[in-house]
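What follows is the residue order along each chain.
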Amino acid sequence: MAKFEFSTGELAPMLNSALAAGFEEHSQSQQAPAYHKQRLNWTLQNAEGKLIAALTADLLWDWLYIDELWVDDSCRGQGMGQQLMQQAEDYARDKGLSGLWLWTQSWQAPAFYERLGFSEFTCFDNFPVGHCRIGLRKAIAKD
């Protein structure tokens, strides 16, 4: 008889492997596109080699997921975040991707992304309580 178990933390390696194999088998049976994720990073360091800005992203199918965008407090307002976003968008355009997407929180920078041409595709209210988690995307026009 099947038995439910509850745990916290990461799955045991054997269980994680079985889970991954199950997903892969199901995807193949449905003739889903192959899932490949590639991590991409753009960083900016000052003259002393200290990290002052970074953008991390994952290439998933034909969309670029912006995972993290960070600019050191001492460098904010100088256009570094916008420049990093432009580099990610240029990469996506050069690779013929469909677009870029990301999550942000209501206390972070939704207006910043909207100024860059992103539009909201969803908003989870009270995530956390009193705030919302916002999904934004920007399609890239195909030539």
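For the structure, check the block above.
Residues numbered from 1 in each chain as written. Predicted model: local features only at pLDDT ≥ 70, side-chain atom pairs only at ≥ 80, totals over all residues. Heavy atoms only, no water.

## A short note on the side chain of Glu-89
No. 1: Position of Glu-89 among the secondary structure elements: in helix α2 (residues 80–94).
No. 2: The class of Glu-89 is buried, set by a relative accessible area of 9%.
No. 3: Apart from residues lying up to four places away in sequence, Glu-89 is in contact with Leu-100, Lys-138 and Ile-140. (Helix = DSSP H or I, 4+ residues; strand = E, 2+ residues; numbered from the N terminus. Buried < 20%, exposed > 50% of the residue type's maximum accessible area, 1.4 Å probe, protein only. Contact = heavy atoms within 4.5 Å.)

## Concerning unusual backbone geometry
No. 1: The omega torsion across Phe-127 and Pro-128 is 0 degrees, close enough to zero to call that bond cis.
No. 2: On the secondary structure map, Pro-128 appears in the loop between β5 (119–125) and β6 (132–139).
No. 3: Residue Trp-61 is not a glycine yet carries a positive backbone phi of 50 degrees.
No. 4: When you line up the elements, Trp-61 lands in the loop between β2 (51–60) and β3 (63–71).
No. 5: One non-glycine residue, Asn-126, adopts positive backbone phi at about 55 degrees.

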